[in-house]
There are 4 protein chains.
Amino acid sequence: MAGNTFGKVFTLTTFGESHGEAIGGIIDGCPSGLDLDIEEIQNQLDRRKPGQSKITTQRKESDEVKLLSGIFEGKTTGAPIGFTIPNSNAKSKDYDHIKDVFRPSHADYTYQQKYGLRDYRGGGRSSARETASRVVGGAIARQLLKGVTIQAYVCAVGEISIEDDYSKLNLSETDSNIVRCPHSAKAAEMIELIDKTRKEGDTIGGVVSCVIKGVPVGWGEPVFDRLHADLGKAMLSINAVKGFEYGSGFAGSRMKGSEHNDNFEAEGGTASNFSGGIQGGISNGEDIYFKVAFKPVATIMRDQQSVNEKGEEVIVKGKGRHDPCVVPRAVPIVEAMAALVLADHYLLAKLNK
Amino acid sequence: MAGNTFGKVFTLTTFGESHGEAIGGIIDGCPSGLDLDIEEIQNQLDRRKPGQSKITTQRKESDEVKLLSGIFEGKTTGAPIGFTIPNSNAKSKDYDHIKDVFRPSHADYTYQQKYGLRDYRGGGRSSARETASRVVGGAIARQLLKGVTIQAYVCAVGEISIEDDYSKLNLSETDSNIVRCPHSAKAAEMIELIDKTRKEGDTIGGVVSCVIKGVPVGWGEPVFDRLHADLGKAMLSINAVKGFEYGSGFAGSRMKGSEHNDNFEAEGGTASNFSGGIQGGISNGEDIYFKVAFKPVATIMRDQQSVNEKGEEVIVKGKGRHDPCVVPRAVPIVEAMAALVLADHYLLAKLNK
Amino acid sequence: MAGNTFGKVFTLTTFGESHGEAIGGIIDGCPSGLDLDIEEIQNQLDRRKPGQSKITTQRKESDEVKLLSGIFEGKTTGAPIGFTIPNSNAKSKDYDHIKDVFRPSHADYTYQQKYGLRDYRGGGRSSARETASRVVGGAIARQLLKGVTIQAYVCAVGEISIEDDYSKLNLSETDSNIVRCPHSAKAAEMIELIDKTRKEGDTIGGVVSCVIKGVPVGWGEPVFDRLHADLGKAMLSINAVKGFEYGSGFAGSRMKGSEHNDNFEAEGGTASNFSGGIQGGISNGEDIYFKVAFKPVATIMRDQQSVNEKGEEVIVKGKGRHDPCVVPRAVPIVEAMAALVLADHYLLAKLNK
Amino acid sequence: MAGNTFGKVFTLTTFGESHGEAIGGIIDGCPSGLDLDIEEIQNQLDRRKPGQSKITTQRKESDEVKLLSGIFEGKTTGAPIGFTIPNSNAKSKDYDHIKDVFRPSHADYTYQQKYGLRDYRGGGRSSARETASRVVGGAIARQLLKGVTIQAYVCAVGEISIEDDYSKLNLSETDSNIVRCPHSAKAAEMIELIDKTRKEGDTIGGVVSCVIKGVPVGWGEPVFDRLHADLGKAMLSINAVKGFEYGSGFAGSRMKGSEHNDNFEAEGGTASNFSGGIQGGISNGEDIYFKVAFKPVATIMRDQQSVNEKGEEVIVKGKGRHDPCVVPRAVPIVEAMAALVLADHYLLAKLNK
């Protein structure tokens, strides 16, 4: 109920603060007999880790996962998989200046009001560091989803965005550049914009697209737990996310039924896919695709007007090591959350078999 | 697990098909001692019911709710509130022609594949008729939320949209016209467009905005059950919804941190509200606002290419009585789902008191 | 969270008070394609209904179930099954005398304190009438459990008890007498004792045994949701239950490991079955058996010392039509709850397939 | 769903196998601002740890808990509390002989059948070692329950049992002897019996009583989540438990209503307490008390007939270091599980405030 568990039957519960001894979690409901590729879990963590390039935070953290249970002789046993990721390189000193100050558009104020106290070091529980545990859960979920591919990529940074539809892109090139955009020309522009913004001590938002192929017909529960509703909640639970749309999305609201309907074809499948691979909340076998909007990172390297716990006006100085733009590192997180949703619905679908 | 229950501690479980004997549900977790205004529940149902105007389906259904339990001498007792809404005026005959045919962009195909059979009459469980039960649940949730006002309105139909921010509109005028748009000039255009589209045997999409005032600081759980993530899932669970954004939304992805940050002010509150009243997943006391995108209704009064259960090509004829545009009737549904989310988080917040 | 839902994936949520318009519930998670024998559901209700014989309450109630959804052309559709059972023959007048009085060993006092008000008519929500909804849920669960037989019977009333082990009894004779005891000689004694007790205006307790055959190996989750722990909770949730034991039960606590261990045999199965068909919380293919202890009904036809809402001493008179002994009518309820637990674990087991 | 989480709003999720790197868990839903006495958590673990005396296993294990999150400057923050307990002194070699053999009355067979593989070392997940994590969760739950005292004690070992009612015992003496029985004469007999049994290479069962004082009126949800039903499930989820009874228990089934009813008294409370402090599933302010039956430990130091994975007859030799009787070490586990149930219902009760 306290919001630290995701999923219904394939569940991830996470714990840990940015500057505590370790973060970690428990993955429960993973079926037995799955050959786990541990290295692949670490690879996904490495895609999310800080200090990867000039356009991410310079904080260096190795993010090494320790799997503590649920695996025997390389296979899952059906028992819960507990894991920890030690917090190294946490510079709590960097945060003394915000001990009793509320940073604009951060969770400092709401946590203080809700809980009456807060671990202010690095944002404590509200830090995006928590998402490392999601990447571990997602990496395991992914290995359960044989035949399903989940590919996210950056489709926009600020005003720079890819106009092409995903089908015209080579998604295998996503990780070929530091901004994780499969369109090399746009990628160059994005990198330049982020770098420029960083030098100005500012930050900028962006959009991540995600495409899922290979999901069979029948995943998703109707009514409240529609597959896209769970995907939406998963994405909206990621730090800094402001919006989610799937298939035709907001553009679909400007269309007519005669244009928007996806006619079924005799050879199988549909002529168009404005539905985004989901009809009535259930996967229909077509590609599932959606977009996730991220706001600019709230921590900027400039002085900002704010108040302290006493309600007095104060100036918050930009300190610490932060990302000028969150989307490049958000790509593996979006993929991880999508994998968690799909693993959950893959198992839920078995209940009606 | 089958997706028919919404909420964690204030829950609504619904049942019923479009053409069965009745639909209904159970509201559980409503605290005792609440004076229930039964008439107000019926009022909300009347806002959703079919046959209200020339721009909604002509199907006439009274949608009268019968409350069966959980209320004693006008007050809630803390026991579950069971209710039914009889299905009158269901013309099953209208659906014989789709008995073994899959209507484009409907749930016919996915239900058939997932369940191996389906109640094809009126779309059965996938019919938007199910949302009447949500309106009952939402109307009760709303009465629990003293001091909170939830106002949804139509902000776009097709290409016609209100540019003004909600603060410049008089939301009390929303129900003064049949399209439920508080901007009378735009409302007239929208009505004309919907009527024109209906005459062409076509349908059109639209966008509903929702503004919530009076939510105190501290509602919402961090990490996975963020207030906006639960609002997003609630909205995405409504039939025909393709997208959700809150606060700055997708536009926020094009902004810089220096523009987007909401500075705290000494007199309380924030100078701007791009956060949309939620920071770190928890309400901060400012207005909560979001937008919901609806696709055009899939049932059009035209012949469409499709296939039947044998995979043979067939022509689906547009029959039955349907809405040319879903947004006018979606307004009370959006409000109901928002009320369910807020009632749930109002109670969840007590767990940390 | 309010305790009106049972089960994890095959769930029953009930609503309704003893003297409201109707009681009922929703069964969710029942797989599609199940041929439902509606008559059999009513048969189970008839086994529980009041007024069956001279040793049960004389209140006459037909208890007719109305299934409202989730069934199409005789088969389950995978959608929730909503149902109601109208309350006929409710004599609320019988309860005016306890409007503000707390009956000894009833829920009057605790409900009043917890909720601040209560529907005192017939005990409202705390009435055993609620168990009729469980019988409906159990009857459907049972039809899902092909090859599994669940047989409960009365093994003790007061001091009269069957010493024989279930294997020496012909359980098909359980319903051949009004006390539902398969041992005819003991049955006669029990009936006489109950009748004598009734004439004295008193009530008496008893014990129900239950035997489950045909459960395959592998149902039950280890650690917290052990099959026997869920059975125990299910039984303890029935009105008037004070104890639960399975397999060797309390007697097992007096045994030595060398006597108690169930050795595995080459031909399969175990030599003895002190484990009661469950090892490590998981079914092992042997018979599952357990006992449930019921206290004497709290409503006696005698004057009793008590207090009213003002805390003043009062005399409570025994009024209304009540059972002198609950166990004969408890037999179908015990079976229903066992069926609900097993259906839940039958489905849960699929999650590791 | 996989049964590794206990509780609804105050939850404990555990992970870990007997011979893995560590066991541990996550406590979620603990309100913020609680001053945690870390030492007291370790004290409770020490009461459960092996190697305490001549009548427990000689395996020496320090069981030191490491709290990783959710605590800041000595107070809970409202964030999940993650913890680990390293597995030291695990002698996996001791288990090579059961690699492919099913020990009688252990979970070897059912785990193998359910999961298709198993971590056989020390019983893996089915080992009672998992209960150490419950003791950590319970110790924290206990600190949340101000004014509530939970005292368990051994009331029977084999045929030796205390006849006295708990009110006649000085429960503060429970830990004054190694068998944890507050009746010194009986304690001496019990210790002698356990020691004698151990020397015979055998094991013996026993019964633990638990008394809870200070629970206010109103904890517990009616219908399915009755306070005693949740206590029963909690106890039945402990390894080796075969039965649970509360208040009058099985003896109550032999009583008459006129004897069993607890009359309310003008000065408050009830004259007798056969109800065991719970009426209609809700606490009534009187003492809550119950008994838990434990079977004899399945591992005996004797040769036993069994089969291997190929179904061939084999002799299982008793090896390893095991308890001749589980009840002395079960006392803190029973208290921990009771604390978890009470903390959960303490919070649940807030939802109706």
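As recorded by an unreviewed UniProt entry, chain A carries the name Chorismate synthase and is attributed to Owenweeksia hongkongensis. Per UniProt, chain A carries the Subunit (unreviewed entry) text "Homotetramer." Quoted verbatim from the Sequence similarities (unreviewed entry) field of the UniProt record, the comment on chain A reads "Belongs to the chorismate synthase family."

Trainee: Is there a simple way to explain the relation of the copies chain C and chain A in this structure?
Mentor: In this structure, two copies of a chain are linked by a rotation about an axis accompanied by a shift along it. Screw-axis analysis of chain C against chain A gives a translation of 0.0 Å along the axis, an RMSD of 0.0 Å, and a rotation angle of 180 degrees. Those values place the two copies in the arrangement expected of a two-fold rotation axis. Of every C-alpha in chain C, the one belonging to C:Lys350 sits nearest the axis of rotation, 3.2 Å from it. Interface overlap between copies is the fraction of interface residues in one copy that are interface residues in the other; for chain C against chain A it reaches 100%, indicating a shared surface.

Trainee: Mind showing me how you'd approach the pairing of strand E14 (residues 288-294) of chain D here?
Mentor: All names here are of chain D. The buried count for E14 comes to 6 of 7 residues, which makes it a mostly enclosed element. For strand E10 (residues 206-213) and E14, the ladder comprises 7 bridges, and the chain directions are antiparallel. When the bridges of E14 are listed, serine 209 appears paired with lysine 291. Two elements, strand E11 (residues 241-246) and E14, share 5 bridges in a ladder whose sense is antiparallel. Within E14, the residue paired with glycine 243 across the bridge is alanine 293.

Trainee: What's the story with the UniProt feature "binding site: NADP(+)" (unreviewed entry) in chain A in this structure? I'm lost.
Mentor: All names here are of chain A. The sites that carry the UniProt feature "binding site: NADP(+)" (unreviewed entry) are, in the present numbering, Arg48 and Lys54. Assignment of secondary structure puts arginine 48 in helix H1 (residues 38-48). The class of arginine 48 is buried, set by a relative accessible area of 3%. Ignoring any residue separated from it by four or fewer positions in sequence, one finds arginine 48 in contact with Asp63, Ala128, Arg129, Thr131, Ala132, Val135, Arg329, Pro332 and Ile333. Tracing the backbone shows lysine 54 in the loop between H1 and strand E4 (66-67). In contact with lysine 54, other than residues within four places in its own chain, are Ile178, Ile191, Asp195 and Arg198.

Trainee: Quick question: what am I supposed to make of the UniProt feature "binding site: FMN" (unreviewed entry) in chain A here?
Mentor: As recorded in UniProt, the feature "binding site: FMN" (unreviewed entry) lies at A:Arg125, A:Ser126, A:Ser127, A:Asn239, A:Ala240, A:Gly280, A:Lys295, A:Pro296, A:Val297, A:Ala298, A:Thr299 and A:Arg321. With the annotated positions falling across 197 residues, the maximum pairwise C-alpha distance of 44.3 Å shows that they are not confined to a single cluster. Turning to its location among the elements, A:Val297 is positioned in the loop between strand E14 (288-294) and strand E15 (304-307). Owing to a relative accessible area of 16%, A:Val297 belongs among the buried residues under this scheme. In this view, A:Val297 contacts A:Thr203, A:Asp323, A:Cys325, A:Val326 and B:Gly257; residues no more than four positions away in its chain are not counted. Position of A:Ala298 relative to the elements: it lies in the loop between E14 and E15. If sequence neighbours within four positions are ignored, A:Ala298 has contacts with A:Pro104, A:Ser105, A:His106, A:Gln304 and B:Asn261.

Trainee: Just to check I follow, could you spell out the pairing of strand E7 (residues 81-86) of chain C for this structure?
Mentor: For a regular strand, the rule is simple: side chains alternate between the two faces of the sheet. All names here are of chain C. Of all 6 residues that make up E7, 5 are buried, and the element is covered over most of its length. Summarising the sheet, strand E3 (residues 22-28) and E7 pair through 6 bridges and their orientation is antiparallel. Looking across to E7, one finds that isoleucine 27 is bridged to isoleucine 81. Alignment of strand E4 (residues 66-67) against E7, held across 2 bridges, turns out to be antiparallel. Within the sheet, the bridge partner assigned to leucine 67 lies in E7 and is phenylalanine 83.

Trainee: Whenever I open this one, helix H5 (residues 227-236) of chain D confuses me. Can you help?
Mentor: Residue pairs spaced three or four apart in an α-helix point in one direction, given the helix's 3.6 residues per turn. Counting buried residues along H5(D), 10 of its 10 residues qualify, which places the element largely inside the surrounding structure. Of the positions making up H5(D), those classed as buried are D:Leu227, D:His228, D:Ala229, D:Asp230, D:Leu231, D:Gly232, D:Lys233, D:Ala234, D:Met235 and D:Leu236.

Trainee: Would you take a moment to explain the pattern of salt bridges for this structure?
Mentor: Two side chains carrying opposite charge are able to pair once their charged atoms lie near each other. One pass over the structure, following the stated rule, counts 104 salt bridges over all chains. Taken together, the salt bridges that share partners define one network made up of A:Lys8, A:Asp225, A:Asp230, A:Asp344 and B:Lys233.

Trainee: When you look at the interface of chain A and chain B in this model, what are you seeing that I'm missing?
Mentor: In many reports, interface size means the accessible area that the parts give up when they come together. Between chain A and chain B, the contact holds 105 residues from the first and 105 residues from the second. Among the residues of chain A in contact with chain B, A:Phe224, A:Lys242 and A:Phe264 are the three that bury the most area, contributing 11% of the side total. In this structure, the salt-bridge partner of A:Lys233 is B:Asp230, at a minimum N-O distance of 2.6 Å. Taken together, the residues that form the side of chain A that touches chain B break down as 39 nonpolar, 41 polar and 25 charged. Both strand E11 (residues 241-246) of chain A and strand E11 (residues 241-246) of chain B contribute to a ladder of 3 bridges, which runs antiparallel. If you follow A:Glu245 over to E11(B), its bridge partner there is B:Gly243.

Trainee: Even after reading the chapter, I still don't get the state of the cysteines, so can you show me in this structure?
Mentor: Two cysteines whose sulfur atoms are joined by a covalent bond form what is called a disulfide. The final tally for this structure, using the stated rule, is 0 disulfides over all chains. No disulfide involves C:Cys181; its sulfur sits 8.1 Å from the nearest other cysteine sulfur, which is in C:Cys155.

Trainee: Any chance you could explain the sheet that holds strand E3 (residues 22-28) of chain A here in plain terms?
Mentor: Backbone-to-backbone hydrogen bonds join strands into a sheet, with any given pair of strands oriented parallel or antiparallel. Across the sheet, which stays open at both edges, the 5 strands sit in the order E1-E2-E3-E7-E4 (chain A) with antiparallel pairing between neighbours. Here the strands that pair on one side only, and so sit at the sheet edges, are strand E1 (5-6) and E4 of chain A.

Trainee: Can you help me understand the side chain of A:His106 in this one?
Mentor: Topologically, A:His106 is positioned in the loop between strand E7 (81-86) and helix H2 (108-115). Setting aside residues no more than four positions away along its own chain, A:His106 makes contact with A:Ala298, A:Thr299 and B:Gln279.

Trainee: When you look at the packing of aromatic side chains in this model, what are you seeing that I'm missing?
Mentor: Geometry of an aromatic ring pair is reported as the spacing of the ring centres plus the angle between the planes. Tallied over the entire structure, the rule returns 38 aromatic pairs over all chains. Pairing A:Phe264 with B:Tyr109 gives two aromatic rings, centres 5.2 Å apart and planes at 50 degrees, and the pair type is tilted. One end of the pair, A:Phe264, is in the loop between helix H7 (257-260) and strand E12 (278-279); the other, B:Tyr109, is in helix H2 (residues 108-115), on a second chain. Here A:Phe264 and B:Tyr109 have matching classes, each one buried. Connected via pairs of aromatic rings, a cluster forms that spans A:Phe102, A:Tyr109 and B:Phe264. One Lys or Arg, A:Lys242, reaches over the ring of B:Tyr246 and ends 3.8 Å from the middle of that ring.

Trainee: I would appreciate a short explanation of the interface of chain C and chain A in the present structure.
Mentor: Residue-level contacts link 11 residues of chain C with 11 residues of chain A. Roughly 860 Å² of surface becomes buried between chain C and chain A when both sides are summed, with 52% attributable to carbon and sulfur atoms. The tally of links from chain C across to chain A stands at 0 salt bridges. There are 4 residue pairs in polar contact (both at pLDDT 80 or more) connecting chain C and chain A.

Trainee: Would you mind going over the relation of the copies chain A and chain B with me for this structure?
Mentor: Aligned on chain B, chain A shows an RMSD of 0.0 Å; the corresponding rotation is 180 degrees and the shift along the axis is 0.0 Å. An overlap of 100% is found between the interface residues of chain A and their copies at the interface of chain B, pointing to a shared contact surface.

Trainee: Looking at this structure, I do not really get the environment of D:Met301. What am I missing?
Mentor: Residues and elements named next belong to chain D. Within the secondary structure layout, methionine 301 lies in the loop between E14 and strand E15 (304-307). The partly exposed category is assigned to methionine 301, whose relative accessible area is 39%. Sequence separation of methionine 301 and lysine 319 is 18 residues, and the distance between their C-alpha atoms is 6.4 Å.

Trainee: Would you mind showing me how to read the confidence of the model for chain A here?
Mentor: Predicted coordinates in regions of low pLDDT should not be interpreted in detail. Confidence in the prediction for chain A averages 95 pLDDT; 98% of positions are at 70 or higher. The ipTM value of the predicted complex is 0.97, and its pTM value is 0.97.

Trainee: Please clarify how the nonpolar core should be interpreted in this entry.
Mentor: One broad trend across soluble globular proteins is that nonpolar side chains are buried collectively. Membership of the largest hydrophobic core comes to 355 residues, with the highest contact counts inside it found for A:Phe290, B:Phe290, C:Phe290 and D:Phe290. Apart from the residues lying within four places of it in its own chain, the contact partners of A:Phe290 are A:Val208, A:Ser209, A:Cys210, A:Ile212, A:Leu231, A:Met235, A:Phe244, A:Glu245, A:Tyr246, A:Val334 and A:Ala338.

Trainee: Sorry, what's going on with the sheet that holds strand E14 (residues 288-294) of chain C here?
Mentor: Pairing in this open sheet of 10 strands is antiparallel, and the strands run E9(C)-E8(C)-E10(C)-E14(C)-E11(C)-E11(D)-E14(D)-E10(D)-E8(D)-E9(D) from one edge to the other. Each edge of the open sheet is held by one strand with a lone partner, namely strand E9 (160-161) of chain C together with strand E9 (160-161) of chain D. Packed onto the sheet, helix H8 (residues 327-350) of chain C meets strand E8 (149-157), strand E10 (206-213) and E14 of chain C and runs at close to 145 degrees relative to E8(C). Strands in contact with helix H4 (residues 184-199) of chain D are strand E8 (149-157) and E9 of chain D; relative to E8(D), the strand with the most contacts, it is inclined by about 60 degrees.

Trainee: Help me understand the packing of helix H5 (residues 227-236) of chain A against helix H5 (residues 227-236) of chain B in this model?
Mentor: Two numbers describe a pair of packed helices, the interaxial angle and the distance between the axes. Following both chains from N to C, one finds H5(A) and H5(B) inclined at 160 degrees, their axes separated by 8 Å at the closest point. On the basis of the axis angle, H5(A) is roughly antiparallel to H5(B). In the crossing of H5(A) with H5(B), the sense of the turn from one axis to the other is right-handed. From H5(A), A:His228, A:Ala229, A:Asp230, A:Gly232, A:Lys233 and A:Leu236 reach across to H5(B), where they touch B:His228, B:Ala229, B:Asp230, B:Gly232, B:Lys233 and B:Leu236. In terms of residue class, the contact of H5(A) with H5(B) is built from 4 nonpolar, 4 polar and 4 charged.

So, how was this worked out
- Residues numbered from 1 in each chain as written.
- Chains lettered and ligands numbered in written order.
- Predicted model: local features only at pLDDT ≥ 70, side-chain atom pairs only at ≥ 80, totals over all residues.
- Heavy atoms only, no water.
- UniProt positions renumbered as here; feature names shortened; annotations may be inferred.
- Least-squares fit on C-alpha atoms with pLDDT ≥ 70 in both.
- Contact = heavy atoms within 4.5 Å.
- Buried < 20%, exposed > 50% of the residue type's maximum accessible area, 1.4 Å probe, protein only.
- Helix = DSSP H or I, 4+ residues; strand = E, 2+ residues; numbered from the N terminus.
- Pairing = 2+ DSSP bridges.
- Salt bridge = Lys/Arg side-chain N within 4 Å of Asp/Glu carboxyl O.
- Buried area = accessible area lost by both parts, 1.4 Å probe.
- Nonpolar A, V, L, I, M, F, W, Y, C, P; charged D, E, K, R; others polar.
- Disulfide = S-S within 2.5 Å.
- Phe/Tyr/Trp six-rings, centres within 6.5 Å; stacked < 30°, edge-to-face > 60°.
- Lys NZ or Arg CZ within 6 Å of the ring centre and 35° of its normal.
- Polar contact = N/O pair within 3.5 Å; in protein donor to acceptor, adjacent residues only side chain to side chain.
- pLDDT = per-residue confidence, 0-100.
- Core = buried A, V, L, I, M, F, W, Y, C linked by side-chain atoms within 4.5 Å.
- Axes fitted to C-alpha atoms, helices over the stretch in contact; angles between N-to-C directions.
- Parallel < 35°, antiparallel > 145°, perpendicular 65-115°, else oblique.
- Left-handed = near helix turned anticlockwise from the far one by under 90°.

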